[in-house]
Amino acid sequence: MITVRDLHKSFGETHVLNGVDLDVEKGEVVVVIGPSGSGKSTLLRCITMLVKPDKGKVEVDGTVITDPKVNLDSVRRNIPTVFQSFNLFMHLKAKDNISLALEVVLHMDKKEREERAHEVLKKVGMLDKMDAYPGELSGGQQQRVAIARALALHPKAILFDEPTSALDPELTGEVLGVMRSLASDGMTMLVVSHEIEFAREVADRVVFMERGKIVEDGKPEMMFTDPREDRTKQFLKRFLAMSKR
Amino acid sequence: MSRLAMLVGLVAAVLIAAGVGAYLIIIQSPGGGGGGSAEKLVLGTCADFPPFESVNITTKKIEGFDIDIAKEIAAKANKTLQIVDMQFDGLISAVKVGSVDLVIAGMTITPARAQQVDFSDPYFGGNQSVVVRSDQTGITKWDDLNRSIKIGVQTDTTGDIWASNHSNIQPLAQIVRYPKFTTAMLELDKGGLDAVIIDSAPAKSYTSSHPSLKIAFEIPTKEKFGIAVKKGDSGLLKLVDDTLAYLRSSGKYDELFKKWFS
Amino acid sequence: MDKRHEFVGKVRKYQPLILIIILVLIIIAIIYVLYPVLTGKDALLVWDSLPFLLEGAVLTVEISLVAIMFGLGLGIVVGLARVSKNRMIYGMSTVYIEVIRGTPLIVQIFIWAFVVPQIIGYPFPSMLAGLIALGMHSSAYQGEIFRGGIQAVPTGQYEAARSLGVPHLPTMLYVILPQAFRNALPALNNEFIIVIKDSSLLYAIGVFELFARGSNLAGVTFLPIPFYLGVAIIYLTLTLTLSRSLALIEKKIQIPGLGVSA
């Protein structure tokens with residue numbers, strides 16, 4: 001579904017991505033963990049070409065997206081991103097946040113848009129707030145609307161860039177719940193996150209990234225109980241110790 | 001895509017509205033329609049110069065000796081007169097570029113000015129006067145202008161030119177230039193200036209209506225006033241000279257003189 | 001530290017009272033200054049002049065309206081050009097803004113009134129020159145305001161739209177610009193007021209608007225107090241009215257949860 005080969009990206013002197021290879025199969029839920037600065041977000045942004053990689057190839061559903069001749073807009077609708085800071089359109093109501101892309105990208109007519117918006121808002125549990133403005137919603141509510149916005153496009157996969165990192169702890173549950181439900185519906189998901197519990201329960205694969213490279217890639221049971229690499233062990237030890245505090 | 005059309009439409013609508021508004025304002029303003037057109041004669045003047053031109057306090061209209069002459073010229077040309085009141089030092093530029101058709105503003109004919117515009121036959125002769133506050137006793141003659149006193153003039157008038165060139169008057173720093181005479185008079189009255197140099201007729205007019213000021217003495221510069229038109233506008237120039245000749249021969253000139261100068 | 005807190009607390013508590021006292025003192029001062037003029041022998045003259053001044057105020061409003069609209073239409077284009085990735089478009093708009101912001105408005109007015117007509121060899125009514133100068137001047141500042149409004153929209157908004165597959169142009173039209181307009185409103189409010197005040201500069205080229213009339217009367221009557229203060233009060237009325245009205249509009253279109261209140 002998504003194929004990344006030998007991806008490199010530098011910002012000035014800093015090498016953020018140092019040759020990344022990754023595969024995400026259809027229906028798979030892949031969770032990427034790692035310390036900050038390891039290049040996790042940059043990896044996601046390169047996959048959607050929000051950031052142009054210096055070297056390497058990205059293929060989405062058969063289309064080589066890194067090819068300059070490709071129309072990016074038509075590919076992006078299949079791999080929308082849910083951002084850490086939600087990025088809802090603040091001047092539009094929740095339901096209009098969703099129907100904007102439906103109108104401009106999928107060219108649905110009014111009736112279809114309304115129906116689809118209702119459908120996805122219901123799925124994330126925000127139907128009663130469809131006329132609310134983002135400024136009136138809590139973080140968790142906004143993120144759920146953001147997920148609905150991505151879902152509405154009938155995408156082939158959804159990318160999540162630390163979706164709960166900006167939320168108060170009490171609110172992460174509602175968002176993770178929605179993500180869990182998407183996973184069980186068979187959605188292909190590539191998630192960058194610190195939520196270990198979520199990864200343990202929902203991920204098909206866990207990928208550990210450090211300093212722009214993928215260090216280890218395996219099933220959650222293996223990764224969390226007995227990883228092969230030392231560095232993975234170190235990271236998990238530090239991370240779990242901190243979160244226990 | 002409809003939103004793009006909306007944006008373009010908005011910009012276009014605003015600009016068109018601005019254009020229409022501008023057009024409406026311009027045609028109502030003096031000189032609107034690009035200097036004089038077939039029916040208008042646009043006069044440039046500086047209405048701070050009684051009795052030649054000033055604003056009548058009661059009627060709020062600009063009137064004076066020069067204005068009446070302008071009306072005669074307009075009548076002879078079969079056009080309506082429009083008056084543009086601006087600062088004196090902008091008048092020559094204005095007639096040069098054509099924003100006004102002619103200038104009648106108590107303007108002295110000088111060689112320098114004659115290079116920029118064409119002057120009519122002289123229509124008035126006069127001198128300069130030195131105006132001071134009524135309680136001023138130290139300035140009574142020519143030599144008294146020698147000390148470091150502050151003199152006010154109107155920019156680019158013959159008073160200004162004369163003061164700047166005369167050796168009796170100390171460095172230019174003493175001479176304060178104003179776009180309008182009225183400001184200079186106010187300053188003098190207030191005490192910010194010691195003297196103002198202005199043509200004799202307006203000096204008489206100002207001091208008689210403002211007893212706090214008086215004329216110290218006259219400077220016999222023997223100037224002649226002329227009416228200025230754009231260089232090369234021989235048609236209008238002939239019209240002006242013909243009107244002046246008519247006013248003299250018919251006795252109207254004397255009537256106007258009596259009306260404004262006695 | 002505690003003493004300071006105490007003091008600040010006291011100031012805050014009495015703040016409304018302090019403001020009222022200051023306001024009353026100012027009103028008393030104005031009345032004291034204006035009273036002799038408004039009731040003395042010149043009172044009739046001053047009150048009689050009011051319609052004359054108000055005519056000028058109407059012209060001021062008309063001029064300001066046209067200049068604001070001109071500035072708005074052109075300003076939107078300039079603002080968009082300033083955020084363009086096209087080097088040529090960005091470059092041209094930057095030069096435009098730098099030149100207009102870097103020269104005094106009065107100089108620009110004179111250039112339009114005297115330089116441009118001479119260059120193109122065709123006369124310009126002063127009103128047209130004034131409107132063009134005022135309008136272009138405002139368009140440069142409004143352009144910068146729109147640019148600021150656009151750049152104040154968080155980049156996340158743009159990224160989110162693009163990552164959903166929305167192309168660049170619709171992203172600008174549906175996501176960025178609507179928010180940018182809202183951001184720009186307070187600054188636009190300020191700019192519109194500035195245009196009203198700047199319109200007074202047109203007196204220098206002979207436009208008979210509010211300040212020109214007030215100044216003229218002040219000079220002729222030697223009564224600066226009622227006329228200059230009066231003109232100031234009229235301008236203040238105009239600017240406050242405009243400002244309050246725009247603030248009301250701002251409030252009306254405010255999105256819940258978005259942006260700061262004025």
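Below, the structure is looked at part by part. (Residues numbered from 1 in each chain as written. Chains lettered and ligands numbered in written order. Predicted model: local features only at pLDDT ≥ 70, side-chain atom pairs only at ≥ 80, totals over all residues. Heavy atoms only, no water.)

### As for the packing of helix α4 (residues 110–123) of chain A against helix α5 (residues 139–151) of chain A
Residues and elements named next belong to chain A. Filter applied, for reference: Fitted lines through C-alpha atoms serve as axes, helices being fitted only where they are in contact, and the angles separating the N-to-C directions of these axes extend from 0 to 180 degrees. Secondary structure elements follow DSSP: runs of H or I of four or more residues count as helices, runs of E of two or more count as strands, with numbering from the N terminus. To sort the angles, those under 35 degrees are grouped as roughly parallel, those over 145 as roughly antiparallel, those from 65 to 115 as roughly perpendicular, and the leftovers as oblique. In this scheme the crossing of two helices becomes right-handed for a clockwise turn of the near helix relative to the far one and left-handed for an anticlockwise turn of less than a right angle. The contact rule is simple, with two residues in contact once any of their heavy atoms fall within 4.5 Å. All residues other than Ala, Val, Leu, Ile, Met, Phe, Trp, Tyr, Cys, Pro, Asp, Glu, Lys and Arg, Gly among them, are scored as polar; the first ten of these are nonpolar and the last four charged.
Running from N to C, α4 and α5 point in directions that differ by 135°, and their axes come no closer than 9 Å. By the criterion of interaxial angle, the relationship of α4 to α5 is oblique. You can see that α4 and α5 cross each other, and the crossing is right-handed. In this structure, α4 contributes Arg-116, Val-120, Leu-121 and Lys-123 to the contact, and α5 contributes Val-145, Ala-148 and Leu-151. Taken together, the residues that form the contact of α4 with α5 break down as five nonpolar, no polar and two charged.

### Some remarks on the packing of helix α6 (residues 126–151) of chain C against helix α8 (residues 168–198) of chain C
Residue and element names in this part refer to chain C. Orientation of α6 relative to α8, taken along the N-to-C sense of each, is 150°, at an axis distance of 8 Å. What the angle tells us is that α6 and α8 run roughly antiparallel. As α6 runs across α8, the sense of the crossing is right-handed. Here Leu-134, His-137, Ser-138, Tyr-141, Gln-142, Ile-145, Phe-146, Gly-149 and Ile-150 of α6 come into contact with α8, specifically with Ile-176, Leu-177, Ala-180, Phe-181, Asn-183, Ala-184, Ala-187, Leu-188, Glu-191, Phe-192, Val-195 and Asp-198. By residue class, the composition of the contact of α6 with α8 is 14 nonpolar, five polar and two charged.

### Let's talk about α6(C)
Here is the rule: Helices are assigned an expected span. That span is 1.5 Å times one less than the residue count. Between buried and exposed lies partly exposed: a residue is buried under 20% and exposed over 50% of the maximum accessible area for its type, with that area taken using a 1.4 Å probe on protein chains only.
Between its first and last C-alpha, α6(C) extends 38 Å over 26 residues, near the 38 Å set by a 1.5 Å rise per residue. Counting buried positions over the 26 residues of α6(C) gives 21, a clear majority of the element.

### Some points on the environment of B:Asp189
Test applied: Think of a polar contact as two N or O atoms within 3.5 Å of one another; within protein, one of them needs to be a possible hydrogen donor and the other a possible acceptor, and neighboring residues in sequence only count if both atoms come from side chains.
As for its position among the elements, B:Asp189 is in helix α6 (residues 181–190). Once the C-alpha coordinates of B:Asp189 and B:Leu213 are considered, the two residues, 24 residues apart in sequence, prove to be 7.0 Å apart. Once you skip the residues sitting within four places of it in the chain, B:Asp189 turns out to touch B:Arg133, B:Ser212, B:Leu213 and C:Phe222. Within the structure, B:Asp189 has its side chain in polar contact with the side chain of B:Ser212 (distance 2.8 Å).

### Topic: the arrangement of the chains
Ranking the two pairs of chains in contact by number of contacts places chains B and C first. Regarding chain A and chain B, the two do not touch, and the least distance separating their C-alpha atoms is 9 Å.

### Structural notes on the sheet that holds strand β5 (residues 80–85) of chain B
Residues and elements named next belong to chain B. Rules: When DSSP locates at least two bridges between a pair of strands, those strands are taken to pair.
Pairing within the open sheet is mixed, and its five strands lie in the order β5-β1-β6-β13-β7. In this open sheet, the two edge strands, each paired with only one partner strand, are β5 and β7 (117–119). Where strand β1 (residues 40–45) and β5 come together, six bridges link them in parallel fashion. Note that in β5 the partner of Val-42 across the bridge is Gln-82.

### Notes on helix α2 (residues 65–77) of chain B
Residues and elements named next belong to chain B. Here α2 spans 19 Å end to end across 13 residues, near enough to the 18 Å set by a 1.5 Å rise per residue. Burial in α2 covers these residues: Phe-65, Asp-66, Ile-67, Asp-68, Ile-69, Ala-70, Glu-72, Ile-73 and Ala-74. Trailing α2 by a residue or two, Asn-78 shows a phi angle of about 60°, which is positive.

### Re the nonpolar core
Definition in use: We define a nonpolar core as any set of buried Ala, Val, Leu, Ile, Met, Phe, Trp, Tyr and Cys residues linked to one another through side-chain atoms lying within 4.5 Å.
By size, the foremost hydrophobic cluster in this structure holds 73 residues, and its most contacted members are A:Ile147, A:Phe160, A:Met179 and A:Met189. Judged by nonpolar contacts, the second largest core, of 58 residues, contains B:Phe124, B:Ile227, C:Leu53 and C:Val220.

### Description of the pairing of strand β4 (residues 55–60) of chain A
Residues and elements named next belong to chain A. Examined bridge by bridge, strand β1 (residues 2–11) and β4 share five bridges and lie antiparallel to one another. Across the sheet, Arg-5 pairs through a bridge with Lys-57, a residue of β4. Looking at chain direction, β4 and strand β5 (residues 63–64) are connected through two bridges and run antiparallel. Across the sheet, Val-60 pairs through a bridge with Thr-63, a residue of β5. Between the antiparallel neighbours β4 and β5 lie two residues, among them Asp-61 with a positive phi of about 50°.

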